[in-house]
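The chain contents come next:
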Amino acid sequence: MALLAAQGLVKRYGGSEVVRGLDLSIETGECLGLLGPNGAGKTTTLKMLLGLIEPDAGTIECLGLPVPQAAREARVRIGVVPQMDSLDPDFSVAENLQVYGRYFRLPESVLQDRIPSLLDFAGLASRAANKVTTLSGGMKRRLTLARALINDPDLIVLDEPTTGLDPQARHVMWQGLRSLIAQGKTVLLTTHFMDEAERLADRLIVIDHGIKIAEGSPREMIAQYIEPHVIEVFGEGALAWKAEGLRLCTRLETVGETLFCYAVDEAPALDSLKAQTGLRYLHRPSSLEDVFLKLTGRELRDQ
Amino acid sequence: MIRAHLAPPRLSLRFIPVWRRNFLVWKKLAIPSILGNLADPMLYMLGLGYGLGSLLPQVNGVAYITFLAAGTVCYSTMNSATFEVLYSGFSRMHVQRTWEAIMNAPLLLDDVMLGELAWGASKSLLSGVAILTVIWTLRLQASFWMSLWVFPVVILIGLTFSAMGLVMTALSPSYDFFLYYFTLAVTPMVLLCGVFYPVSQLPGFLQAVSGWLPLTHAIDLVRPLILGRLPAQAIAHLLALAAWGSTSYWIAVTLTRRRLLK
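What this report covers is the structure whose coordinates are included nearby. Computed from a predicted model, the values in this text were never measured in an experiment.

**Comments concerning the overall build of chain A**
Broken down by element type, chain A carries eleven helices and 14 strands. Projected onto its principal axes, the C-alpha positions of chain A cover 70 × 45 × 35 Å. Within the span of chain A, comprising 303 residues, buried residues form 42% of the whole. Put simply, of all contacts in chain A between residues at least 6 apart along the chain, 67% involve residues at least 24 apart.

**Some remarks on the overall build of chain B**
Scanning chain B from terminus to terminus reveals twelve helices and zero strands. Traced from its N-terminal end to its C-terminal end, chain B shows the element sequence α-α-α-α-α-α-α-α-α-α-α-α. Expressed as lengths along the three principal axes of its C-alpha atoms, the size of chain B is roughly 60 × 40 × 35 Å. When each of the 262 residues of chain B is scored for burial, the buried share is 47%. Pairs at least 24 residues apart make up 78% of the contacts formed inside chain B by residues separated by at least 6 positions.

**A word on the environment of F91(A)**
Residues and elements named next belong to chain A. Mapped onto the elements, F91 comes out in the loop between strand 6 (78-81) and helix 3 (93-103). Here F91 falls in the buried class, since 20 other C-beta atoms lie within 10 Å of it. Apart from residues no more than four positions distant in its own chain, F91 is found in contact with N96, V99 and V132.

**Some words on the pairing of strand 12 (residues 251-255) of chain A**
Residue and element names in this part refer to chain A. Examined bridge by bridge, strand 12 and strand 13 (residues 258-263) share five bridges and lie antiparallel to one another. Bridging from a neighbouring strand, L252 pairs with C261 of strand 13. With antiparallel pairing between neighbouring strands as the criterion, strand 12 and strand 13 make up a hairpin whose turn holds two residues, including G256 at a positive phi of roughly 60°.

**Here's the deal with the interface of chain A and chain B**
In this assembly, 20 residues from chain A lie in contact with 22 residues from chain B. With four residues, the single largest contributor to the side of chain A that touches chain B is helix 3 of chain A. Of the residues belonging to the side of chain A that touches chain B, the class tally is twelve nonpolar, one polar and seven charged.

**Let's talk about the sheet that holds strand 10 (residues 211-216) of chain A**
All names here are of chain A. Spatially, six strands are ordered 6-7-8-3-9-10 in an open sheet, and the strand pairing comes out mixed. What marks the edges here is a single partner per strand, and that holds for strand 6 and strand 10. Neighbour to neighbour, the strand axes of the sheet diverge by 15° on average, direction disregarded. Helix 1 (residues 42-49) rests against strand 3 (31-35), strand 7 (155-159), strand 8 (186-191) and strand 9 (203-208) of the sheet, and its axis sits at about 150° to strand 7.

**Comments concerning the environment of G36(A)**
All names here are of chain A. Within the secondary structure layout, G36 lies in the loop between strand 3 and helix 1. Each C-alpha atom of the pair G36 and M84 lies 18 Å from the other, and the pair is 48 residues apart in sequence. When residues no more than four places from it in sequence are discounted, the contact partners of G36 are G41, K42, V206, I207 and D208.

**Let's talk about the sheet that holds strand 4 (residues 57-62) of chain A**
Residues and elements named next belong to chain A. Spatially, 2-1-4-5 is the arrangement adopted by the four strands of the open sheet, whose pairing is antiparallel. Of all strands in the sheet, those bounded by a partner on one side alone are strand 2 (16-27) and strand 5 (65-67). Within this sheet the neighbouring strands show an average axis-to-axis angle of 20°, counted without direction. Pairing geometry for strand 4 and strand 5, over three bridges, is antiparallel. Across the sheet, I60 pairs through a bridge with V67, a residue of strand 5. The sheet strands contacting helix 1 are strand 1 (2-13), strand 2, strand 4 and strand 5, and the helix crosses strand 1 at an angle near 120°.

The rules behind each value
- Residues numbered from 1 in each chain as written.
- Chains lettered and ligands numbered in written order.
- Predicted model: local features only at pLDDT ≥ 70, side-chain atom pairs only at ≥ 80, totals over all residues.
- Helix = DSSP H or I, 4+ residues; strand = E, 2+ residues; numbered from the N terminus.
- Buried ≥ 20, exposed ≤ 12 C-beta atoms within 10 Å, placed from the backbone.
- Contact = placed C-beta atoms within 7 Å.
- Pairing = 2+ DSSP bridges.
- Nonpolar A, V, L, I, M, F, W, Y, C, P; charged D, E, K, R; others polar.
- Axes fitted to C-alpha atoms, helices over the stretch in contact; angles between N-to-C directions.

Listed below in structure tokens is the structure:
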């Protein structure tokens, strides 16, 4: 049975439709990744699912409750990691968890039980009494994740949980999320990092301009949408090799001075490139990022 | 959508953890906060009351400091509520995103707003009571028992000005915006509503303006109580404050829903 199901979600701002008839559902115990470029409607969708904004059309059922009508009751069993840092700077690490737990009307005895184990989980046990303002970005994110777990939620919703973190901090965060998924928690995650989606999500939904454009497991999507090999050719003379590339590869994209060659059989193109002494190139297996760029295009989205 | 935003504010005891959160933060900084809140009105009251008061004959039949003391209770209550919901409220709503975090828990924006309203009133109660304590210490009150009625009145004054301030917080793009409210609303009220001199000294049209302002109603309630009398037309003044407060709160909740629930 679906833990969360939404049909035909629509959200308009002024004249523009930000979400245009989106369907999605999450099974219990699943980690669903919601992918999309900036402005694709990811955050708006999350806010509708949490009942924080009202959809202009569509229905949502979350944890068996109608949303937004019973969203407050549903949120009793949801943990949220918002995109922007919203920890309380006036409180210590442990107080942040305690004060947040009170919003769920959890008894103090339950909070006193849960807080030490959550701090352990977040790797912040030695920091319990420190002010939040003394924490690094990675520590803040982990504390935000611990805060989202204070009510022992059935569903965890994360909006771009590792944006702005360094690689070490991202890996620690992923480790934490993996252990939650292994415990059988249901997770809904938005991201625009493909490696993150590939590592964590059982299933992905790619949205752009407010509609779903692809859906499947990371592996299925790579198999379905993209050739298995990518050769990136760059440096002087790359463009001169373009005609050759078009003949030898299945598909070729030009971005500035760089060629992206996609191929089912990579050998002919590689042989040709080896003969060209002046060219620099990189051969790699195709990834989810290639799928994403194929589906959503290469133009910048933040203008 | 617009109609949903215009729905009357929902009142629920769920506001208590929000109030408690603000109280916990305040407790950490209580002493500087109390000093900061009280030094200013107290200095005005003592400086003008004794300094200027020594040059004045009686005002409305009492020593000037006694006259000024009742005005200071109201002005200090108003200021404290206003500062709290404007600056600290805006920090929590916009800068720290505390409200957003709370709304991800099973609380509604209406619960957060009610918590802020109650918190603003609580802080202003403290300011009002502090001035009242100075009044008692200097024995400026005519009757101690009568002056105890100032407590519930100060709570109403605090709620009214917190609600009015929340309208500004809902509209504000940045801290600088609040200067308009101080220049165009708070300062004119301090000068026109009978804090420093009787409203009857003003020209007729200014008296008419003053009669509509909430601070005038607050002072018309508190001053007689300090002077040992029951206020004339007490019900009308209470209703006027309640009307300013409830209308403002409704507007504030509507505007904040429009701002945050989108």
